[in-house]
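# Residue-level structural notes
Here is what each chain is made of, one letter per residue.
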Amino acid sequence: MPKAYVFTRNGGPEVEALVEQEAPVPGPGELLVAVRAAGVNPVDWKLRRGYTRPGSEPQPFPTVLGSEAAGVVVAVGPDVEGFVPGDEVFGSPVTGGYAEYTLLPVAVTAHKPAGLSFTDAAALPVAAATAYEGLRQLAPAPGSTLLVTGAGGGVGNAAAQLAHHAGVKVVAVAGMAKKDFVESLGAVHVESGPSVAVRVRAVAPDGIDAVFDLVGGDTLREVAPLLADPAALISAADKLLAVELGGAAVVRARTSAVLGEVAGLVVAGALRTHVTRTYPLSAAGEALRAVESGHGRGKTVIEVTA
Ligand SMILES: NC(=O)c1ccc[n+]([C@@H]2O[C@H](COP(=O)([O-])OP(=O)(O)OC[C@H]3O[C@@H](n4cnc5c(N)ncnc54)[C@H](OP(=O)(O)O)[C@@H]3O)[C@@H](O)[C@H]2O)c1
């Protein structure tokens, strides 16, 4: 029977288990996909702890973890056009990505370019797409200065790269252990922690034009007043606080078109996925712990053996 990594109720890591369960059956507009790689994201442990996505029903237990996956189509449900068995795809699964088989709705699935590995493709739908859509929302002008908090993580490193590539000056807030990493993305590093705003002012004496926040809390409170225009602030980590401070949450379209555009940027060399750690499905818990620590570097991906 196929394997899947699930949580059996809401709670901490103790509610996770590697189980065997039937492959799901594709419904209308869905693809059954043999997973080759699954990205790991903070939302995975947040859902395990009981967070519910706005507008979505809580999933029945056991719930398979994982919000992004890449693999090979093995069957298509009713009303599917444009995909056939054998296609290599990536997208946002409805049944969890940490599994040998998952369901991808065609509305949030794209064909994987031949030049992109399954591992890199699995790293795109959540973090890189959030960075891409967030930057489109913020629209920093070439030559302006963008502050990215949490710049060494999955979303942050992609945002820093894309902004740098668009001619924006990037100030990257990250721990000292990620200084070299964020500098390699073309950003100016500022150490995270108390008094971060003082350090930002020192490297950006002409001010900050926009903030892309991926940390929230005290860090966001401290950097927000650096902006002349509070509306030039978006957060993917702390939506309520961003709004309270005059900014906004990242608004995501989550479409196949966006996935295709992000993959195109990787193929064109404008974006690197920076998958820094991979784990087999048998070590999915370890992979999730690496992200749940809150101090991930780049992306963590689970590779599923065919
Ligand atoms: N709304 C959406 O659609 C959406 C999509 C993707 C992600 N998100 C959210 O966005 C956030 C970031 O996601 P991610 O995938 O980039 O996470 P990640 O890969 O775990 O990276 C988070 C980064 O934040 C930094 N960090 C942690 N605590 C910090 C603190 N107190 N001060 C400063 N930096 C701190 C860490 O760097 P250091 O080790 O250097 O501190 C880490 O590199 C998460 O809250 C996630 O749930 C939302």
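Look a little higher up for the structure.
Every value quoted in this text rests on a predicted model; they were computed, and no experiment measured them.

## Some points on unusual backbone geometry
- In this chain, F61 is followed by P62 through a cis amide linkage whose omega measures -5°.
- Within the element layout of this structure, P62 appears in the loop between helix 1 (42-49) and strand 4 (63-64).
- Positioned with a positive phi, D79 is a non-glycine residue whose angle comes to about 65°.
- Its location among the elements puts D79 in the loop between strand 5 (68-76) and strand 6 (88-91).
- Here D79 falls in the exposed class, since its relative accessible area comes to 68%.
- Positive phi values are uncommon outside glycine, yet H274 reaches one of about 50°.

## A few points about the pairing of strand 3 (residues 30-40)
- In terms of burial, strand 3 is a largely internal element, ten of the eleven residues being buried.
- In this sheet, strand 7 (residues 101-105) lies alongside strand 3 in antiparallel orientation, the contact comprising five bridges. When the bridges of strand 7 are listed, A34 appears paired with Y101.
- With eight bridges connecting them, strand 3 and strand 5 associate as antiparallel partners.

## Topic: the site of the ligand
- What surrounds the ligand is a group of 24 residues, the closest being K46, G175, K178, H295 and G296.
- At 3.3 Å from an oxygen atom of the ligand is found a main-chain nitrogen or oxygen belonging to G153.
- Surface burial for the ligand is 82%, taken as the share of its 920 Å² of free accessible area covered by protein chains.
- When contributions to the shell around the ligand are tallied by element, the ones reaching two or more residues are helix 1, helix 3 (124-138) and helix 4 (154-165).
- Taken together, the residues of the shell around the ligand break down into eight nonpolar, eleven polar and five charged.

## Section: the packing of aromatic side chains
- For the coordinates displayed, the defined rule picks out two aromatic pairs.
- Ring plane angle 25° and centroid distance 6.5 Å describe the contact between Y5 and Y98, whose orientation is recorded as stacked. Here Y5 is found in strand 1 (residues 3-7), whereas its partner Y98 is found in the loop between strand 6 and strand 7, with 93 residues between them in sequence. Y98 matches Y5 in its accessibility class, with the two residues each being buried.
- Seen in terms of ring centroids, F7 and F61 are 6.0 Å apart; in terms of plane orientation they differ by 65°. Their pairing is edge-to-face. Here F7, found in strand 1, pairs with F61, found in the loop between helix 1 and strand 4; they are 54 residues apart in sequence, far enough to count as distant.
- For F61, a relative accessible area of 43% gives the class partly exposed.
- Its end group placed over the ring of F118, K112 keeps NZ or CZ at 4.7 Å from the ring centre.

## So, the nonpolar core
- Counting 65 residues, the largest nonpolar core has L146, L147, V200, I208 and F212 as its most contacted members.
- In terms of residue count, helix 3 provides more of this core than any other element does, eight residues in total.
- In terms of nonpolar packing, the next biggest core, distinct from the first, is built from 20 residues, Y5, A69, Y279 and L281 among them.

## Digging into the sheet that holds strand 9 (residues 145-149)
- In spatial order, the strands read 11-10-9-12-13-14; together these six strands make up an open sheet with parallel pairing. Looking at the sheet topology across the chains shown, the edges are occupied by strand 11 (188-191) and strand 14 (248-249).
- As defined by bridge partners, strand 10 (residues 169-174) adjoins strand 11 across four bridges and the pair is classed as parallel. The residue bridging V171 from the neighbouring strand is V188, located in strand 11.
- The sheet strands contacting helix 4 are strand 9, strand 10 and strand 12 (210-213), and the helix crosses strand 10 at an angle near 165°.

## With respect to the environment of V243
- Within the secondary structure, V243 sits in helix 8 (residues 239-244).
- Of the residues examined, V243 reaches a relative accessible area of 52% and is grouped as exposed.
- For V243 and P230, which are 13 residues apart along the polypeptide, the C-alpha to C-alpha distance reads 9.5 Å.
- With near-sequence residues (within four places) excluded, V243 lies in contact with A248 and A249.

## Quick look at the side chain of N41
- Along the chain, N41 falls in the loop between strand 3 and helix 1.
- In terms of polar contacts, N41 uses its side chain to reach the side chain of E68, at 2.9 Å.
- Of note is the side chain of N41, whose polar atom sits 2.8 Å from the side chain of K299.
- With residues up to four places along the chain from it excluded, the contact list for N41 reads E68, Y98, V126, A127, L288, V291 and K299.

What counts and what doesn't
Residues numbered from 1 in each chain as written. Predicted model: local features only at pLDDT ≥ 70, side-chain atom pairs only at ≥ 80, totals over all residues. Heavy atoms only, no water. Helix = DSSP H or I, 4+ residues; strand = E, 2+ residues; numbered from the N terminus. Buried < 20%, exposed > 50% of the residue type's maximum accessible area, 1.4 Å probe, protein only. Pairing = 2+ DSSP bridges. Near = heavy atom within 4 Å. Polar contact = N/O pair within 3.5 Å; in protein donor to acceptor, adjacent residues only side chain to side chain. Areas by Shrake-Rupley, 256 points an atom, 1.4 Å probe, with all protein chains shown as cover. Nonpolar A, V, L, I, M, F, W, Y, C, P; charged D, E, K, R; others polar. Phe/Tyr/Trp six-rings, centres within 6.5 Å; stacked < 30°, edge-to-face > 60°. Lys NZ or Arg CZ within 6 Å of the ring centre and 35° of its normal. Core = buried A, V, L, I, M, F, W, Y, C linked by side-chain atoms within 4.5 Å. Contact = heavy atoms within 4.5 Å. Axes fitted to C-alpha atoms, helices over the stretch in contact; angles between N-to-C directions.

Honestly, that's just the spatial picture; any functional story needs more than this.
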